[in-house]
Amino acid sequence: FKNMALQIFYDMVAAAEVNSEHPLAKAIVEYAKSLREDAGLDSGRFSEAKKFEAIPGQGVYAVIEGKELLVGNRSLMIESGIIVAEDVTEHLQETEELARTGVLVSIQKEVVGVISISDPVKPEASAVISILRSFGVKSIMVTGDNWGTANAIAREVGIQDVIAETRPSGKAEKVEELQNTGLTVGMVGDGINDSPALVAADVGMAIGAGTDIAIEAADIVLMRNNLEDVVTAIHLSRKTFFRIKLNYLWALGYNVLGIPIAAGVLFPSTQFRLPPWVAGAAMAASSVSVVCSSLLLKYYKRPRVLESLQADIHSGSGVQV
């Protein structure tokens, strides 16, 4: 929106964003590096950022070459007292309608450009949401992104409940709000902004390719960076709890019947009584049977629908459940 050389623009933005762990910041830095490589410049050298500050859920602030930079969303600009012109707003709306994220850049308290970033939806996302729905699991999107982009992506993957423009603390508050209604809440995230919600959730699942902070905060780490593993984790946990309940039922029934017989409850009427060594062996057999039952989980197999989903993704077609 201002007459400024593209190379200089991206160099300054990358100098500010190189200190951030946000996925969008990393994307901007990588693009800036590619521009420098194309120009025959050193791709790893940017100006030093001074007074760097990461503003959770909004963006970053830094001083580059003596100039103040703000890189982030619209709310960051407004709260910083920076005027967002009408043409900038229109461009943002067009970007959001294309399911892209618009990152505003201001230099010296003036918006000079908008970076449009597209974060492709994982090919399995829509099918995974559908499978989770068939499991009785309700999916809610909670994101720090703008409403336009969030709604566009939600429509694409089949999510009906969307909460956008949420700060990290707001994500955790939403998790607690759902828990207060009596629901069991699982959170899937990969960024530093997801960490508070991952901690607050009953079960936090971090994507393996996410930030170290998110991985540390989560209860489960999905190592393959694939959303199919969310389905696998839920399915396996249900199988495990079913096995635990089955073991308790078996052990309870075994002892309810065995202990009275060993105590001689049948002796007055049938003259039958278990010898002590038989009672001891039966007790040991109870423990062995429970362990063997648990070991059957070793032969766990993923839901069949995931196998067909993987085949459909490789063939380039979709799948509905």
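See above for the structure.
Residues numbered from 1 in each chain as written. Predicted model: local features only at pLDDT ≥ 70, side-chain atom pairs only at ≥ 80, totals over all residues. Heavy atoms only, no water.

Notes on the sheet that holds strand E1 (residues 49-55)
Spatially, 5 strands are ordered E1-E2-E3-E4-E5 in an open sheet, and the strand pairing comes out antiparallel. Both outer strands of the open sheet, E1 and strand E5 (111-117), are each paired with one neighbouring strand and no more. Looking at each pair of strands side by side, their axes are set apart by 15° on average, direction ignored. Alignment of E1 against strand E2 (residues 59-64), held across 5 bridges, turns out to be antiparallel. When the bridges of E2 are listed, Ile-55 appears paired with Gly-59. (Pairing = 2+ DSSP bridges. Helix = DSSP H or I, 4+ residues; strand = E, 2+ residues; numbered from the N terminus. Axes fitted to C-alpha atoms, helices over the stretch in contact; angles between N-to-C directions.)

A closer look at the packing of helix H1 (residues 6-17) against helix H2 (residues 23-38)
Between H1 and H2, the shortest axis-to-axis distance is 9 Å and the interhelical angle comes to 140°. By the angle class used here, H1 and H2 are oblique. In terms of crossing hand, the pair formed by H1 and H2 is left-handed. Two secondary-structure elements touch here, H1 through Gln-7, Tyr-10, Asp-11, Val-13, Ala-14 and Glu-17 and H2 through Ala-25, Ile-28, Val-29, Tyr-31, Ala-32, Leu-35 and Arg-36. Looking at side-chain class alone, the contact of H1 with H2 contains 9 nonpolar, 1 polar and 3 charged residues. (Parallel < 35°, antiparallel > 145°, perpendicular 65-115°, else oblique. Left-handed = near helix turned anticlockwise from the far one by under 90°. Contact = heavy atoms within 4.5 Å. Nonpolar A, V, L, I, M, F, W, Y, C, P; charged D, E, K, R; others polar.)

Focus on unusual backbone geometry
Positive phi outside glycine occurs at Ala-99, with the angle close to 60°. Tracing the backbone through its elements, the reader meets Ala-99 in the loop between helix H4 (86-97) and strand E4 (101-107). Classification of Ala-99 by relative accessible area gives buried; the value is 17%. (Buried < 20%, exposed > 50% of the residue type's maximum accessible area, 1.4 Å probe, protein only.)

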